Amino acid sequence: MVFNTIFGERCARCGVTRTKDAFEGLPTCEKCELEIQAEREEKRPCPMCTTAMDKSIVLNVVVDKCPSCHGAWLDGGELDLLKKAIEYGDGGDFATGMVLGMATG
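Fair warning: this is a prediction, and the values are worked out from it, not measured in the lab. Just so you know, the residues in each chain are numbered from 1, in the order the chain's sequence is written. Owing to the predicted nature of the model, reporting of local features is limited to residues with pLDDT of at least 70; listing and counting of side-chain atom pairs is limited to 80 or more, with chain, interface and lining totals taken over all residues. Hydrogens and waters are ignored; side-chain quantities use all the structure's heavy atoms.

So, the environment of Lys31
Alright, step 1. Among the structural elements, Lys31 can be located in helix α2 (residues 30-40).
Alright, step 2. For Lys31 and Cys14, which are 17 residues apart along the polypeptide, the C-alpha to C-alpha distance reads 9.3 Å. The helix count covers DSSP runs of H or I at least four residues long, the strand count covers runs of E at least two residues long, and both are numbered beginning at the N terminus.

Below, the structure written as structure tokens:
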């Protein structure tokens, strides 16, 4: 099909986004690939209260978030990735405020 050649196939996971990318042999959009990788990561204990942290995707970065004390933790280099995404206009007001506050605080 010409349509699939130009725009790619529907993502095998969400069935919504069209993509030319593949993950483990199936058409998979970037968002779904990040979600799969986040699900596979081992849950880490929160450095503040030791509760197992949840994984969230924020501007295409996997962020560890504590459901108990509500802290957010980033791996090395992830703050810079978030800052760059905001600089390119990908962030909303909340994300922009959160990341800029973390970067300057």
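So that's the structure; there's more coming.
What about the pairing of strand β6 (residues 61-65)?
Alright, step 1. In terms of burial, β6 is largely enclosed, as four of its five residues are buried.
Alright, step 2. Judged from the two bridges that link them, β6 and strand β7 (residues 72-73) form a sheet pairing that is antiparallel. Each bridged residue has a counterpart across the sheet, and for Lys65 the counterpart in β7 is Ala72.
Alright, step 3. Whether two strands pair depends on DSSP finding at least two bridges between them. Connecting β6 to the next strand, β7, in antiparallel fashion are six residues, including His70 with a positive phi near 70°. Remark: exposure states derive from per-residue accessible area (1.4 Å probe, protein chains only) relative to the maximum for the residue type, with buried under 20%, exposed over 50%, and partly exposed in between.

Thoughts on the environment of Glu78
Alright, step 1. Note on placement: Glu78 falls in helix α3 (residues 78-87).
Alright, step 2. Between the C-alpha atom of Glu78 and that of Val63, which follows or precedes it by 15 residues, the distance is 8.3 Å.
Alright, step 3. Between two residues, a contact is recorded if the distance between any of their heavy atoms is within 4.5 Å. Once residues within four sequence positions are removed from consideration, Glu78 is found in contact with Val61 and Val62.
Alright, step 4. Side-chain polar atoms of Glu78 contact the backbone nitrogen of Asp75, separated by 2.6 Å. Pairs of N or O atoms within 3.5 Å make up the polar contacts considered here, provided that, within protein, one atom can donate a hydrogen while the other can accept it, and that residues adjacent in sequence are counted only when both atoms are side-chain atoms.

Quick word on unusual backbone geometry
Alright, step 1. Within the chain, Glu24 stands out as a residue other than glycine whose phi angle is a positive 55°.
Alright, step 2. Residue placement: Glu24 occurs in the loop between β3 (22-23) and β4 (26-27).
Alright, step 3. You will see that Thr50, though not glycine, has its phi angle at about 70°, which is positive.
Alright, step 4. Locating Thr50 in the fold gives a position in the loop between α2 and β5 (54-58).

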